[in-house]
Amino acid sequence: MPKRRHLRLLSGFVALGLLAAACGDDDDGDGPTTTEADAGTTDEGAASQDEVTLDELCTEAKDAGVEAPEGFTVRLVTDIGKVDDRTFNQFAFEGMQAAADCFGFDTSYIETVSQADYAQNIATSLQGGPDVVITTGSLLATDTLSAANANPDTDFIGLDQFHPEYPGNYVGVLYREDEGGYLAGVMAASLSETGVVGVVGGRQDVPPVVKLVNGYEAGAKSVNPDVQVLSVYNESFDDTAKGESDARQFIGEGADVIFGAGGKTGSAAVQAAALDGVWGIGVDQDEYFTTFDGGTAPGADRIATSAVKRVDIGVFDQIVAALDGTFEGGSVTFAAADGGVTYAPFHDADIPEEAAAALEEARQGLADGSIETGIDPVTGEPQ
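Residues numbered from 1 in each chain as written. Predicted model: local features only at pLDDT ≥ 70, side-chain atom pairs only at ≥ 80, totals over all residues. Heavy atoms only, no water.

Caption draft 1: Structural context of empty space enclosed by the protein. Of the volumes computed, that of the largest cavity is approximately 300 Å³. If you go around the largest cavity, you meet 26 residues; those closest to its centre are Phe88, Val209, Phe237, Gly263 and Asp284. Elements with a minimum of two residues in the lining of the largest cavity: β2 (73–80), α3 (88–103), α7 (207–223), α9 (263–275) and β10 (279–284). It is α7 that provides the largest number of residues to the lining of the largest cavity, a total of three residues. Tallied by class, residues from the lining of the largest cavity come to 10 nonpolar, seven polar and nine charged. For the lining of the second largest cavity, the secondary-structure elements that each account for two or more residues are α6 (177–191), β10 and β11 (303–309). Broken down by element, the lining of the second largest cavity gets its largest block of residues, three residues, from β11. (1 Å grid on protein atoms, 1.4 Å probe; cavity = no way out; pocket = protein on both sides within 12 Å on 5 of 7 lines; lining within 4 Å. Points joined across faces, edges and corners; volume = space filled by probe spheres on them. Helix = DSSP H or I, 4+ residues; strand = E, 2+ residues; numbered from the N terminus. Nonpolar A, V, L, I, M, F, W, Y, C, P; charged D, E, K, R; others polar.)

Caption draft 2: Quick look at the sheet that holds strand β9 (residues 257–261). Here six strands make up an open sheet; going across it, the order is β8-β7-β9-β10-β11-β13 and the pairing mixed. Each of the sheet's edge strands pairs with one partner strand only, and the pair in question is β8 (228–232) and β13 (341–343). Across the sheet, the axes of successive neighbouring strands diverge by a mean angle of 15°, strand direction being ignored. In this structure, β9 lies alongside β10, joined through three bridges in parallel fashion. Considered in β10, the bridge of Val257 is made with Trp279. Packed on one face of the sheet, α7 meets β7 (196–201), β8, β9, β10 and β11 and runs near 175° to β7. (Pairing = 2+ DSSP bridges. Axes fitted to C-alpha atoms, helices over the stretch in contact; angles between N-to-C directions. Contact = heavy atoms within 4.5 Å.)

Caption draft 3: Here's a closer look at the packing of aromatic side chains. Under the criterion given, the structure shown has eight aromatic pairs. Centroid distance Phe72 to Phe105: 5.3 Å. Interplanar angle 65°. Geometry classified as edge-to-face. Of the two residues, Phe72 is situated in the loop between α2 (54–63) and β2 and Phe105 in the loop between α3 and β3 (106–112); the sequence distance between them amounts to 33 residues. What makes Phe72 buried here is its relative accessible area of 6%. (Phe/Tyr/Trp six-rings, centres within 6.5 Å; stacked < 30°, edge-to-face > 60°. Buried < 20%, exposed > 50% of the residue type's maximum accessible area, 1.4 Å probe, protein only.)

Caption draft 4: Representation of the environment of Gly294 within the structure. Note on placement: Gly294 falls in the loop between β10 and β11. Under the relative-accessibility criterion, Gly294 is labelled partly exposed at 34%. A sequence separation of 53 residues divides Gly294 from His347, and the C-alpha atoms of the two residues are 9.2 Å apart.

Caption draft 5: Molecular detail of the state of the cysteines. Applying the stated criterion across every chain yields a total of one disulfide. Here Cys58 is linked by a disulfide to Cys102, with a sulfur-sulfur distance of 2.0 Å. Across the S-S bond of Cys58 and Cys102 the torsion is about 90°, and the bridge reads as right-handed. With a gap of 44 residues between them, Cys58 in helix α2 and Cys102 in helix α3 connect regions that are remote in the sequence. According to the relative accessible area criterion, Cys102 is buried, its value standing at 7%. (Disulfide = S-S within 2.5 Å.)

Below, the structure written as structure tokens:
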């Protein structure tokens, strides 16, 4: 089905790219946790300055007359992890919460503990007939498709979920993670003094992770063809001990920049890098605000930037489509061209001017099409 997006909510979105020029704890359990979501927006992970905000999108939607009918309900099912994972799941949750705060509807969420729980968690979320169900991550794609086919009166928003075809009540919200990884690689190679950089990834069977890892290598080699890129995939997105270990192994092999591309596993690698005095690069959200607590956590001056993908806006946009009757099945892809993929401000990091210039040049090139990553935008494999 054709790719599309609700451009009325993205009229200010291109300004996100200008920000570049201007510069949760998982606990083990026996099953899913279902919790009522608090009313209110948790926008602490958003970057600043010229970035479009969820409040701005709320105002735009309300000015267009969008309202939530009485009893409107949205439910979220996370991938393995929680809504405070500081990256992907949290950004999706923030998008849902922003919409709930804007329009005043009810929300709830289920935090997945095991991959075996995906189908049951989606079934649980469907109890009572919600208007919208959001599922986060490519690993939920098959179960989300089955649920959408079986529940035509509910709209499904599947983040990072690709299918050749979608039913009319199911939209796959996709991102060019290869472009985000490319930007991280450009920054890494521009900062590196040793000529060795590393990336700590999540699961290799998750295409967005593969896109980030391979995009990172492509971006780094665009700056320095001789750069050595150390990479590793992990079996879990929430193994912080393994993330720390990976980072320190790479540092021991000479890496002086570490990119975390694997949820809390990757974030732990970024933290470990920063605490060891080398550069870290975050992913999905601006990890200066999440992983480094807005600059109050140790090492905040060593997070160079983050490869940001606006999951929150993808969620907000599609909820508005469900509210105003324009929701339709298919896929929508966000990229550097529309600001859906970009990089975070440098905050406390002392970034050399030449590195900042190289990063912005790469962002502009990806946005205008003069630079291509060389990575398949679906599978993440080199083309």
